[in-house]
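Now for the letters of each chain:
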2 protein chains.
Amino acid sequence: MTDKKGSKANKQDNFSEWYSQICGETGAKLVDLRYDVQGFIVHRPWSMRVLRKIYSFFEEEVEKDNHEPMLFPTVIPEEHLLKEKEHAGFTPEVFWVEYAGDKKLEKRLALRPTGETQIYPLYSLWIRSYNDLPLKGYQSRITTFRNEMTTRPFLRGREFMFFETHDVFETHDEAVSQIKKDLIMMKNTIRDKLKIPFLFFQRPKWDVFKGADETFTSDSILPDGKRIQVSSTHDLGHNFAKAFNVQFVGKDGKRSYAFQTCFGPGIWRIFGTMIAIHGDDQGLMLPFCVAPVQVVIIPITFVKDPEASKKVLELSKKLESELKNLNYSVLVDLTNKTPGFKFNEWEMKGVPIRIEIGPRDLEQNQVTVSARTSKEKLAVKINELKNKLPELAEQNDKVLEETAIKYFKDNIKNAKTLDEVKSIIKDHRGFVRIPFCSVMLDGKKCAEKLKTETNGVDVCGFLFEKEEKLASSDTCAVCGKKATKIVYAAKSV
Amino acid sequence: MTDKKGSKANKQDNFSEWYSQICGETGAKLVDLRYDVQGFIVHRPWSMRVLRKIYSFFEEEVEKDNHEPMLFPTVIPEEHLLKEKEHAGFTPEVFWVEYAGDKKLEKRLALRPTGETQIYPLYSLWIRSYNDLPLKGYQSRITTFRNEMTTRPFLRGREFMFFETHDVFETHDEAVSQIKKDLIMMKNTIRDKLKIPFLFFQRPKWDVFKGADETFTSDSILPDGKRIQVSSTHDLGHNFAKAFNVQFVGKDGKRSYAFQTCFGPGIWRIFGTMIAIHGDDQGLMLPFCVAPVQVVIIPITFVKDPEASKKVLELSKKLESELKNLNYSVLVDLTNKTPGFKFNEWEMKGVPIRIEIGPRDLEQNQVTVSARTSKEKLAVKINELKNKLPELAEQNDKVLEETAIKYFKDNIKNAKTLDEVKSIIKDHRGFVRIPFCSVMLDGKKCAEKLKTETNGVDVCGFLFEKEEKLASSDTCAVCGKKATKIVYAAKSV
């Protein structure tokens, strides 16, 4: 993996450059950044195939949870965007459409920065009574727009892939249950399928989403130790319901505002985080279930021995069709590149299993198999291949999972005082777990002090799944008052 | 199906109103037109589910034909859009983004009206030599934008669903083969799966797409007799290759411009045409393979007989799970609406098969089954249901297909003179098949005369699949010169 300057970045020492290279033309060709509008990128086939799988995992999850698909326009009229006052805070980042041809539009239109203000006016029309609740809708395979100052493929863009659910309930209890379900969906998809470890935080009160009462996020750690947020769920309370008049007539005949939640797994960021966490200096490593090619077959042929080469090609194609019938995504590389080149290329693209077939293999009725996650080459008898592949697939995912979990656990450390935090973050990456005075608004001062004195360590939140126990002697690492919560703090992407 | 004014439109007599009603809130709830930007609509779950299936049919087809998925930005810089001179004709319909927040953008950005001018600059970078060809890419599940003056759900919109392939070849022969493949894809999807009859035309020379050498379209007929174009394929020749420098080094070492084609099935229009052709005054009728619910089970329960009602519900749920295991999309309607209301609602939504289960059915170990396409109610023993359903599904599709084909055939008529055309179109709908002097530029005058004198009958083109024979005595229906082609003419949507 070399860029045009010929240098090859190392993930451990220069994550940022490594990441750029792996995404680009000299890497796994996931994106092309040469599109002529800054911050807007072109998705190439390899990334599209993985991203579609990630989308499909979330579609499956939300459908199981009775969400229905819908699609809203790409544009939002200005007056709607501004209607929820807090939410109006998005406007500095908004792209505006003001002309059609030569004609100025009567009202200017925002390229959707997020869905709330476009969806809820319609929810207000669709919901009449408790019979219409819960209402659970989602948009998938859409993009959204924010004029970010700095951009990086899959991590931050001016147009990026989006997925969002928008749910409406009679009671706040149902809203809270939904937040728990959103967490489970994140576990089922990114932890179990994609092998991305994360913590599910409730954010401190001073750092919730515009217009939300509470915000919950799934946060992981990149190889440079920075925290990355890969999903958010918002408990919107009545805020948007009041702004957009989302009301229902209850069983008691009374009209009430509904409770709303929304959930947005960051499709792009999840992919970017997966690239970052699993990849190595040879390229991508992909969990078996999302690999666009799961098994690549590389025939080793020799111009000098056309007879044997013919047989090698025949066997390659025969195996391809047999494995396709077993529902593997398989490809025979028949290009006229050298085997060495092919090995590197498919390693770079993260194909989990490689099968080489050469004349010597043929003689012994075997193939040479290797997994992307190991250096080992195995000779496998052809009639045993069928049994060996599931084992290798499982091993591929196990290596990814164990490596990722180890890195994640190693990068959560405990501190009791501001000095300890400072000392830890000198050579530590990831989360610092600290006792903290308050996650309500009165804790904001300590969070600000923490950030200033540590050159950017933010309070991310506290665990939603379990109440973490404090010792009775625990005091806030910043102000020294009695601690009320264990919070997690980190530098962020 | 009644609108707010309480009147119910009839498909035969008032197609336009019937179509609006079936799409809307008082119909099958496919769209909501109350979004606050004219011409931009909200897709509700029922239409999203069908549209996703239609997308998946095309994805499957183009993948089989070795196209690779890609995704380009929603915005195109102005200079690229204007680079292909003919193509620049799109600009009166273009929405322009000029601001981000308060800042004016350095260059204004068009909301994509179609993909050529965004994709080919990158193709120019990706293609080096014949080894990179053919290059076949596609974008699916995207939308595109044109400031149309009049809009109708799924037929014409300011933002509408898009699907496009963009192919690059060494030779023009390969481009022509691709056009034939595009035709086959249309047959496999819309004719075979969706039961939409169409003709595949080569358009007359005076009416090709901006920047194309030749244009080919799939055209069907709506119930009001208007021609509707549901796909286009363009033979782009070297036009865009020259504008965007799409070149390759051939086997001979020489640099040449590549030949390009692009293919765009109109996902929206295909859906709209399917609604229009198959529906009746009771609502949608859907081919079995795209129905979001293929089988609806309606339990008939009585408050007075809780014992029997309980058994009815048990059997309903048991059947639901059995049919789900057989891969049917099935739903038990457990809402507290009346059976009559439910019957109407699911008819309106076009569910192909309805199963009623009442206490009397239970006693006789049977269910009452009816198909959307027939008025007949069948008593089917429960243990025979498994065998009966595929038969009913097939029958559903057969009725749709035969009805559609009959209407289509009945609406292709022959005329030899302008007077005959005029007389036919008085009470005829659909295509008139006429001998014509020329489909090259010199035929344009006759086409214009035809249009003027018939109040809008356009020459659509001539069949691409087969050269239709002319009698040696055939003369152009308009100018009387020797005819060189049989053309098809019609009034258009």
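Right above here is the structure, for reference.
So, a few notes on the structure that sits alongside this text. Computed from a prediction, not measured in an experiment: that's the story for all the values here. Counting starts from 1 at the beginning of each chain's written sequence and moves along it residue by residue. By the order in which they are written, chains take letters starting at A while ligands take numbers starting at 1. The predicted origin of the model limits local features to residues at a pLDDT of at least 70 and limits the giving and counting of side-chain atom pairs to 80 or more, whereas totals for whole chains, interfaces and linings rest on all residues. No hydrogens and no water enter the side-chain calculation; it runs on all heavy atoms of the structure.

1. Quick look at empty space enclosed by the protein
The criterion, for reference: Site definitions follow a grid-based scheme: protein atoms alone, a 1 Å grid, a 1.4 Å probe that fits but cannot get out for cavities, and for pockets an open set with protein on both sides within 12 Å along at least five of seven lines, plus lining residues having an atom within 4 Å of a point. Grid points are joined across faces, edges and corners, and a volume is the space filled by probe spheres set on the points. Strands here mean DSSP runs of E at least two residues long; helices mean DSSP runs of H or I at least four residues long; both are numbered from the N terminus. Asp, Glu, Lys and Arg are counted as charged, while Ala, Val, Leu, Ile, Met, Phe, Trp, Tyr, Cys and Pro are counted as nonpolar; the rest, among them Gly, fall into the polar class.
Following the criterion strictly, the structure yields 7 cavities of 30 Å³ or more and no others. In this structure, the largest cavity encloses a volume near 350 Å³. Around the largest cavity, the lining comprises 27 residues; the ones closest to its centre are Arg-141, Ile-142 and Thr-143 of chain A together with Arg-141 and Ile-142 of chain B. Of the residues forming the lining of the largest cavity, the biggest block, 5 residues, is contributed by strand β7 (residues 135-145) of chain A. Of the residues assigned to the lining of the largest cavity, the class counts are 14 nonpolar, 6 polar and 7 charged.

2. Some points on the relation of the copies chain A and chain B
To keep it simple, the criterion reads: The copies were overlaid by least squares, fitting only the C-alpha atoms of residues that reach a pLDDT of 70 or more in each copy. What makes two residues a contact is simply this: any of their non-hydrogen atoms within 4.5 Å.
Between chain A and chain B, the superposition needs a rotation of 180 degrees and an axial shift of 0.0 Å, giving an RMSD of 0.0 Å. Taken together, the rotation and translation relating the two chain copies correspond to the operation of a two-fold axis. Considering only C-alpha atoms, the part of chain A nearest the rotation axis is Val-97 of chain A, at 2.2 Å. Both copies share a contact surface, since 100% of the interface residues of chain A are interface residues in chain B too.

3. Quick word on unusual backbone geometry
With omega at -5 degrees, the peptide bond leading from Leu-133 of chain A into Pro-134 of chain A counts as cis. Summarising the element assignment, Pro-134 of chain A is placed in the loop between α4 (116-126) and β7. Despite not being glycine, Phe-154 of chain A shows a phi value in the positive range, around 70 degrees. For Asn-327 of chain B, which is not glycine, the phi torsion reads 70 degrees and is therefore positive. Locating Asn-327 of chain B in the fold gives a position in the loop between α8 (306-325) and β16 (330-332).

4. Remarks on the nonpolar core
We count it as follows: Take the buried Ala, Val, Leu, Ile, Met, Phe, Trp, Tyr and Cys residues and link them wherever side-chain atoms come within 4.5 Å; each set so joined is a nonpolar core. Accessibility here uses a 1.4 Å probe with only protein chains present; expressed as a share of the type maximum, an area under 20% marks a residue as buried, one over 50% as exposed, and anything in between as partly exposed.
Of all hydrophobic cores here, the largest spans 128 residues; its most connected members are Leu-30 and Phe-154 of chain A together with Leu-30 and Phe-154 of chain B. Those residues in contact with Phe-154 of chain B, other than ones at most four positions away along the chain, are Tyr-19, Cys-23, Leu-30, Val-31, His-43, Ser-47, Leu-51, Trp-268, Arg-269, Phe-271, Gly-272 and Ile-275 of chain B. Counting 75 residues, the second-largest nonpolar core is a separate cluster that includes Tyr-123, Trp-126 and Cys-262 of chain A together with Leu-133 of chain B.

5. Notes on the pairing of strand β5 (residues 95-100) of chain B
Where we set the bar: Between any two strands, at least two bridges found by DSSP are needed for them to pair.
Burial within β5 of chain B is extensive, with 5 of its 6 residues counted as buried. Sheet analysis places strand β5 (residues 95-100) of chain A next to β5 of chain B, joined by 5 bridges and oriented antiparallel. Of the residues in β5 of chain B, the one forming a bridge with Val-97 of chain A is Val-97 of chain B. The sheet contact formed by β5 of chain B and strand β6 (residues 103-111) of chain B spans 4 bridges and is antiparallel. Each bridged residue has a counterpart across the sheet, and for Ala-100 of chain B the counterpart in β6 of chain B is Lys-103 of chain B.

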